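A look at the structure
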There are 2 protein chains.
Amino acid sequence: MTSIKDVAKAAGVSTATVSRVLANNAPIKAETRERVLEAVAQLNYRPNLIARSLRAQKSAKIGLVVSDIRNPFFTAIGRAVEDAAYEQGYSVLMCNTDENPEKEELYLNLLHDENVAGVIFSPTQQFSAASHSYNAKMPFVIIDRAVESKETDMVLLDNVSAAYELTTHLLENGYRKLAGLFGDASTTGQERSRGFHKALKDYQLNPVAAHFISPRIKQGYDTTIALLEGTNRPDAIFTSNSLLTAGAFQALRDKKISVPNEVALVGFDETTWSELVDPPITVIAQPTEEIGRTATELLFQRIQEPSRSPKTVILKGTLLVKGSSKKK
Amino acid sequence: MTSIKDVAKAAGVSTATVSRVLANNAPIKAETRERVLEAVAQLNYRPNLIARSLRAQKSAKIGLVVSDIRNPFFTAIGRAVEDAAYEQGYSVLMCNTDENPEKEELYLNLLHDENVAGVIFSPTQQFSAASHSYNAKMPFVIIDRAVESKETDMVLLDNVSAAYELTTHLLENGYRKLAGLFGDASTTGQERSRGFHKALKDYQLNPVAAHFISPRIKQGYDTTIALLEGTNRPDAIFTSNSLLTAGAFQALRDKKISVPNEVALVGFDETTWSELVDPPITVIAQPTEEIGRTATELLFQRIQEPSRSPKTVILKGTLLVKGSSKKK
DNA sequence: TTGTAAGCGTTATCAC
DNA sequence: GTGATAACGCTTACAA
């Protein structure tokens, strides 16, 4: 391990001078600078970031804490965050909580202990509920899921109106017997359910069903099967995230239900497959790239100016109308 | 920031004693231990991992370097790696190279400078070609893409025989005019093309076409369109990764080609959508969980015993026969 | 313009 | 059993 000392020795200067040359933040005689740079090149010296972090009391890393990177929404967010971080010379620690508050706490502690510069964080329900004061420990930007505290930067989707728009689209296209499947692991599901109900109310209708379930393909499948086998079969199914959509789609296919003729299907998040299946699925596309990028930029802002007042950015989804919700 | 000094002061002992209590690696009087632990709890002390890393000359982090975490294969690998690392108390730095050798080098340097304990690494073609000696700098496990050097641990798929099996499956089902789309960014595409050609040779056939293209949905789409519009239309399309499969599928749909009646389609990697589309796609499923886990375990082995002789683990894919390659 | 030296928070060595 | 202290590699007052 070649250190700054070796360079100093080789260049015949002090470590301070080497440091200054590298940081380029102090007047240095041209000739000295040259000698130092030569030694650096010669020895193939690379600064030790750990030492630098210890000294500076913070590292050029940010944490990304989400339930599961395999959820296509978070995959896209993760990539966008990494891109934005990379541009600023930061790197990203990936943390999956599996909606498990203990894992979440463990990771937040770890990130704190690693002196990360900040965290981009989609909290579990339990975290959201408890009014944590993690803010004090390190900069945070919350994404996707609202928390009570107004002291935190957040980047959220306008879930209520997105769900309202999506539901209204179904109603306008003549569907009347709507069932909703909502994820029970986050505020997102609740908000989307609010928009769903609001739209139905405007039409003076009640939902055929509205279930809060674990946001997984299997639960989406099972619940949809039950709906289809029940006495009051819906003519349209609203799902609040892409895993539930996948499960519902699978159930409709297995039950040989024609979509949308017998039952329509709509959901959230544009995925590789939502376009590819037959019929393609009508969804609210979230601006994942923008969410990830905005969150990262907000985080850098806060790192720079820890006391600036918290900002909440609310982005709009885009309704992509496809075959799965064709006019009746 | 409460440090070990504060704890020492509060407990009326030296920092050394606090350290020993926490490490639990030296005899300590029960009463002292208690006092220390009390102070730790009182002050809510958490060891600074940066300082620990500096002192120990390595950190409990591993790097994950892949082309793009959004590729479903790497998404799954990433999650598996994170799980295995988490179990050992390690965390994962996510690095996307976009098949860009400069980004790759930048990241490898960064990881080195961060003193990571090791790297799980799917190299670009350029890296594989150059016989790098990164091994010296930090432990490596190569995944997915073979490199020349036999001095590195690797976890690979038996690509040639997987492709051979997949192609033979087409031939056995009566398809004769086969076209192959292979990713040009990695050894994987080359190996899979070898298996493809080998199987055809066994049947004394030549492929209708065999293209090495950028492994992206768009290129898969464009190339397939060209194939379908060409004079010698294939009756089956072989794709070497899931992005190409998606592109090809889209093209077949847009061209209103009936699958598999007019043209069959097969590929690699089980994805959410490969099951969901109509017809579902016949694929070689890679054991992503096992690849990620094995790679991580190999890495930990090497971290523990840097001199043990390199190991290459070759895993088998599983042919999942679905509707897209039904018997003619 | 440059050097000296303190200090970031740990842990390991040595002494008692 | 416990305490001083040096060292990990870096940056930054403070001096010169």
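Now for a quick tour of the structure.

Definitions and cut-offs
- Residues numbered from 1 in each chain as written.
- Chains lettered and ligands numbered in written order.
- Predicted model: local features only at pLDDT ≥ 70, side-chain atom pairs only at ≥ 80, totals over all residues.
- Heavy atoms only, no water.
- Near = heavy atom within 4 Å.
- Polar contact = N/O pair within 3.5 Å; in protein donor to acceptor, adjacent residues only side chain to side chain.
- Helix = DSSP H or I, 4+ residues; strand = E, 2+ residues; numbered from the N terminus.
- Nonpolar A, V, L, I, M, F, W, Y, C, P; charged D, E, K, R; others polar.
- Salt bridge = Lys/Arg side-chain N within 4 Å of Asp/Glu carboxyl O.
- Buried < 20%, exposed > 50% of the residue type's maximum accessible area, 1.4 Å probe, protein only.
- Contact = heavy atoms within 4.5 Å.

Let us now look at the protein's contact with DNA strand D. With respect to spatial proximity, 25 residues lie near DNA strand D, and among them I4, Y45 and R55 of chain A together with T17 and T32 of chain B are the closest. The share of sugar and phosphate among atoms of DNA strand D within 4 Å of the protein is 64%. A51 of chain A has a polar backbone atom sitting 3.4 Å from a base nitrogen of DNA strand D. Broken down by secondary-structure element, the contributors of at least two residues to the surface near DNA strand D are α2 (15-23) and α4 (49-56) of chain A together with α2 (15-23) and α4 (49-56) of chain B. Here the surface near DNA strand D is built from residues that sort into 10 nonpolar, nine polar and six charged.

Next up on the list: the pattern of salt bridges. Residue and element names in this part refer to chain A. Enumeration according to the criterion identifies 44 salt bridges over all chains in this entry. Between R79 and D83 there is a salt bridge; the shortest N-O distance is 2.9 Å. With R79 and D83 both in helix α5 (residues 72-87) and four residues apart, this pair spans about one turn of that helix. Look at D83 and you get buried, because its relative accessible area is 18%. Across the salt bridge formed by K322 and E275, the nearest N and O atoms sit 2.7 Å from each other.

What follows concerns the side chain of N48 of chain B. Topologically, N48 of chain B is positioned in the loop between α3 (30-43) and α4. Look at N48 of chain B and you get buried, because its relative accessible area is 19%. Polar contacts involving the side chain of N48 of chain B include one to the main-chain amide nitrogen of I50 of chain B, which spans 2.7 Å. Polar side-chain contacts of N48 of chain B include one of 3.0 Å to the backbone nitrogen of A51 of chain B. Once you skip the residues sitting within four places of it in the chain, N48 of chain B turns out to touch Q57, D113 and N115 of chain A together with M1 of chain B.

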